Amino acid sequence: MSIEIVKKEKLNGEQTSHLRDRTAADEHRADGPCKNWEPESLTPFIFVVVLKETNKPIGILYRGGPKEATSVSWWLDQKFRGCGIGNEMVDLFANILKKEGVTGILPLTIESYRGQRNIASEKLAMRLRAHFGNTHLC
């Protein structure tokens, strides 16, 4: 599987609808970040992970704040978790952030998953921060 990252405003109606349906699916009921992608005021700060083979959106990325201390968050459709897409997503996102002039990432708040530590997200957070010379998790 191969992915690309696009700005939210580049999505067509079918892609937007698909993403809205997936973020509202029962298995994502407890997922926090995916609930916040709708406000139009956030559109310039939202990126979408698209599966190249199907052109379907499978994830959401957010960045905001100053370039030296940027806040980030992400959500990946549960159907695509655990198959290496997260690593590719983080690496591509780091490249986008660097092209935008970002020089530092703030500590990420990692929400628990079903009441347990979300080790996969913690590893992704460390991977992203390593692109900016900072591997501290929190």
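Above this text sits the structure in question.
On a predicted model such as this, the values are computed, not experimentally measured, just so you know.

(A) Structural detail: helix 2 (residues 85-99). Spanning 15 residues, helix 2 covers 21 Å between terminal C-alpha atoms, matching the ideal 21 Å at 1.5 Å per step. Considered for burial, the residues of helix 2 that qualify are Ile-85, Gly-86, Met-89, Val-90, Phe-93, Ala-94 and Leu-97. Around the axis of helix 2, the buried residues are gathered within 165° of arc, so they sit on the same side. Here the buried face of helix 2 lies against strand 1 (3-7), strand 2 (46-51), strand 3 (56-64), strand 4 (71-76) and helix 3 (119-130). Directly beyond the C-terminal end of helix 2, a positive phi value near 95° is found at Gly-101.

(B) Representation of the pattern of salt bridges within the structure. One pass over the full model with this rule turns up five salt bridges. In this structure, the salt-bridge partner of Lys-56 is Glu-14, at a minimum N-O distance of 3.3 Å. Note that Lys-56 is positioned in strand 3 and Glu-14 in helix 1 (residues 13-23), a separation of 42 residues in sequence. Residue classification places Lys-56 among the partly exposed residues on the basis of a relative accessible area of 29%. The partner of Arg-22 in a salt bridge is Asp-77, and the shortest N-O contact between them spans 2.6 Å. One end of the pair, Arg-22, is in helix 1; the other, Asp-77, is in the loop between strand 4 and helix 2, and 55 residues separate them in sequence. Classification of Arg-22 by relative accessible area gives buried; the value is 11%. Among the residues examined, Asp-77 registers a relative accessible area of 1% and is labelled buried. Overlapping salt bridges bring together Arg-22, Glu-27 and Asp-77 as one network.

(C) Representation of the packing of aromatic side chains in the model. In the structure shown here, the tally under the stated rule is one aromatic pair. Between the aromatic rings of Phe-47 and Phe-93, the centroid separation amounts to 5.7 Å while the plane-to-plane angle is 65°, which identifies the pairing as edge-to-face. Of this pair, Phe-47 sits in strand 2 while Phe-93 sits in helix 2, placing them 46 residues apart in sequence. According to the relative accessible area criterion, Phe-47 is buried, its value standing at 3%. The aromatic ring of Phe-132 is capped on one face by Lys-98, whose charged end is 5.5 Å from the ring centroid.

Rules behind the numbers
Residues numbered from 1 in each chain as written. Predicted model: local features only at pLDDT ≥ 70, side-chain atom pairs only at ≥ 80, totals over all residues. Heavy atoms only, no water. Helix = DSSP H or I, 4+ residues; strand = E, 2+ residues; numbered from the N terminus. Expected span 1.5 Å × (residues − 1). Buried < 20%, exposed > 50% of the residue type's maximum accessible area, 1.4 Å probe, protein only. Arc of directions from axis to C-beta. Contact = heavy atoms within 4.5 Å. Salt bridge = Lys/Arg side-chain N within 4 Å of Asp/Glu carboxyl O. Phe/Tyr/Trp six-rings, centres within 6.5 Å; stacked < 30°, edge-to-face > 60°. Lys NZ or Arg CZ within 6 Å of the ring centre and 35° of its normal.

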